[in-house]
Every structure is written in C-alpha cells, then in structure tokens.
Amino acid sequence: AASDRLEASYYDLAGAFGRLVGERGLTLVYGGADSGLMESAARGVKNAGGHVGGHCTVCLGNAPAREPLCGRGGAVSRLSDRKAIMVERSDVLVALPGGVGTLDEVFTVMAANSIGYHRKKVVLLALDGFWDGLVEVLQEMDRRGFVNVPLEQYLVVARSWDELQAVLA
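Basis of the calculations
Residues numbered from 1 in each chain as written. Predicted model: local features only at pLDDT ≥ 70, side-chain atom pairs only at ≥ 80, totals over all residues. Heavy atoms only, no water. Pairing = 2+ DSSP bridges. Helix = DSSP H or I, 4+ residues; strand = E, 2+ residues; numbered from the N terminus. Axes fitted to C-alpha atoms, helices over the stretch in contact; angles between N-to-C directions. Buried < 20%, exposed > 50% of the residue type's maximum accessible area, 1.4 Å probe, protein only. Arc of directions from axis to C-beta. Core = buried A, V, L, I, M, F, W, Y, C linked by side-chain atoms within 4.5 Å. Contact = heavy atoms within 4.5 Å.

Focus on the sheet that holds strand E6 (residues 155–158)
For step 1, the next point in the chain: Ordered in space as E4-E5-E6, the three strands form an open sheet in which the pairing is parallel. The open sheet terminates on both sides in strands that have one partner only, identified here as strand E4 (92–95) and E6. With strand direction ignored, the average angle separating the axes of adjacent strands in the sheet is 20°.
For step 2, the next point in the chain: Pairing of E4 with strand E5 (residues 121–125) involves four bridges; the strand directions are parallel. In the sheet register, valine 92 faces E5, and the bridge partner there is lysine 121.

As for helix H3 (residues 79–88)
For step 1, the next point in the chain: Every buried residue of H3 is accounted for by Arg82, Lys83, Met86 and Val87. Viewed along the axis of H3, the buried residues span an arc of 125°, placing them on a single side of the element.

Section: the nonpolar core
For step 1, the next point in the chain: Membership of the largest hydrophobic core comes to 22 residues, with the highest contact counts inside it found for Phe17, Leu28, Val94 and Leu164.
For step 2, the next point in the chain: Of all the secondary-structure elements, those providing two or more residues to this core are helix H1 (8–23), strand E1 (27–30), helix H2 (36–47) and E5.
For step 3, the next point in the chain: The dominant element in this core, judged by the number of residues it contributes, is H1, at six residues.
For step 4, the next point in the chain: Each residue touching phenylalanine 17, except ones within four places of it in the same chain, is listed here: Leu28, Ala41, Val94, Leu96, Trp161, Leu164 and Leu168.
For step 5, the next point in the chain: Core analysis: the second largest hydrophobic core is formed by 18 residues, Leu124, Val135, Leu151 and Tyr154 among them.

Any link to function would need more than the numbers given here.
Written as structure tokens, this is what we have:
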C-alpha cells in the first residue's frame, strides 16, 4: 500500500517485515513508492542492511534519482511493466495488508501460477484477519469448481508473525 492514511500499526508491521527481509539477507522487490507501507518496508530492509529493488512507475512521480530506496530498481512507464518485472525478479510475493494495487499483484501471481507460467507462491499476511474475506471468497470459488489448480499450490495464508517467518525460512 502506498497510502499515508493508515493506522500506525500497519507502518510498524511493514517496517518489521522489511527488517526481517534485510536480516535474512533477502532482497525486497517492491513497487518503489516513497510513501505508505511500501516506504516503511523498504526503510526496514535498508536499516537492517538488506537490499531493495524498487520499480517505480513514472506516473507516481517516483523517479529513481529522487527515491534512494529504489536501490537496484528503476522507473517504468506502465503498471503492467512494473508488475512483470516484480514477478520476474521475485521468488515469492508477500502481501501485507493493502488495497486494490496489492490485490492486482496478488491475482496476477496466482493466475500466472495456476496456468503454469511459474511456480511462485503468494503469502497473505493475514494478521488480525485482514485477508480473511478474500480467503473465504477464494475457498468458495474452489468449492464450486472455479479453481482448476489447488489453492495450496500457490497460496499461503500466514496468520501470525511466526508463520510468516517459517514460510520465508
């Protein structure tokens, strides 16, 4: 999420996630925004000595020269290009609480996995039940036969910090 209107606990969560990524020696590949949870996560990685690859969209005004958190990323002109690069350069997508853009990224990765483009998973960090409604919808789609590949093949729901750490181990 790029929003700056969230409860403080969400920024704290994103910063903690970033620190976890940095401490584990992983690279954060993200949307490159210099605001919201994306910024908090990127700062957490940087503060832990980790690497960041932000892929800023020009329409957001986040040119790499202006945004030191982008690290090894770069500016792209289309959102679809940003998503493609992020998926290509990532091993797993971790979705913190987010909005429509986060959902777009989640469904892009899930759909591509379900038709065999890759085997990357989506991890929904569902602390405090944030993603529960979405998970219910997906399970209902599966129950009714609209999901051709088992959800477990590409979707992990982490309901605690410990579960998230285990997934990233």
